[in-house]
Amino acid sequence: MSNLVIIPTYNEKENIEAIITAVMELPIEYHVLVIDDGSPDGTASIVKDLMSNQYDGKLHLVERSGKLGLGTAYIAGFKWAIEHNYDYIFEMDCDFSHNPEDLARLDDMLNSRDVAIGSRYSQGVNVVNWPMSRLLMSYFASKYVRIVTRMPVCDATAGFVAYRREVLES
């Protein structure tokens with residue numbers, strides 16, 4: 001199985017090297033695709049430097065001009081993953097609000113499922129590096145979506161999701 005982790009970025013120079021290193025050092029092999037929306041802080045330059053000095057073709061970068069948004073970054077990443085024949089595709093944030101070690105749990109879930117969602121709220125609140133306002137907005141937005149849609153998902157704003165290739169192709 002080939003695994004790709006898509007990490008959208010905008011002004012993430014403080015986190016990008018650490019998150020890439022954390023993913024690459026996991027016992028399961030993952031490739032990383034950074035989708036950078038023209039970060040003025042030089043995030044893409046850091047990724048390019050890492051690409052040229054290490055990771056043997058396992059680190060990739062798509063640079064987009066301007067801040068085009070998270071949703072379109074994931075769509076671009078999904079298309080790239082399909083074009084490059086990855087079997088399992090993961091999405092995660094760059095700011096460590098998703099623990100890279102949990103990728104293995106999502107990976108394991110895909111052995112018997114089409115999609116796996118890594119929730120920050122399935123066992124209480126489990127979020128680091130977030131201001132209280134962002135945490136409250138995410139938590140209550142997820143509660144609202146769960147009530148209105150009756151969707152049995154604890155974290156509708158998760159952003160930490162794994163897909164089988166076939167799901168994205170369909």
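I will try to describe carefully the structure that is included in this document. (Residues numbered from 1 in each chain as written. Predicted model: local features only at pLDDT ≥ 70, side-chain atom pairs only at ≥ 80, totals over all residues. Heavy atoms only, no water.)

**Here we look at the pairing of strand 2 (residues 31-36)**
Formally: Type-normalised accessible area, obtained with a 1.4 Å probe on protein chains alone, sets the label of each residue: buried when under 20%, exposed when over 50%, and partly exposed for intermediate values. Strands are runs of DSSP state E lasting at least two residues, helices are runs of H or I lasting at least four, and both sets are numbered from the N terminus onward. Strands were regarded as paired on the criterion that DSSP finds at least two bridges between them. By the criterion used throughout, a crossover qualifies as right-handed when its path from the first strand across the helix to the second strand runs clockwise, the strands pointing away from the viewer.
Counting buried positions over the six residues of strand 2 gives six, a clear majority of the element. Burial along strand 2 is two-sided: the residues H31, L33 and I35 and V32, V34 and D36 are all buried. Inspection of the sheet shows strand 1 (residues 3-9) paired to strand 2 by six bridges, in the parallel sense. Considered in strand 2, the bridge of L4 is made with H31. As for the winding sense of the linkage, the β-α-β connection from strand 1 through helix 1 (residues 16-24) to strand 2 is right-handed. Both strand 2 and strand 3 (residues 59-63) contribute to a ladder of five bridges, which runs parallel.

**Some words on unusual backbone geometry**
The phi angle at Y55 is positive, at roughly 80°, despite the residue not being glycine. By the element assignment, Y55 lies in the loop between helix 2 (43-53) and strand 3. Under the relative-accessibility criterion, Y55 is labelled buried at 16%. Of note in this structure, D56 is not a glycine but carries a positive phi near 40°. Looking at the element boundaries, D56 is found in the loop between helix 2 and strand 3.

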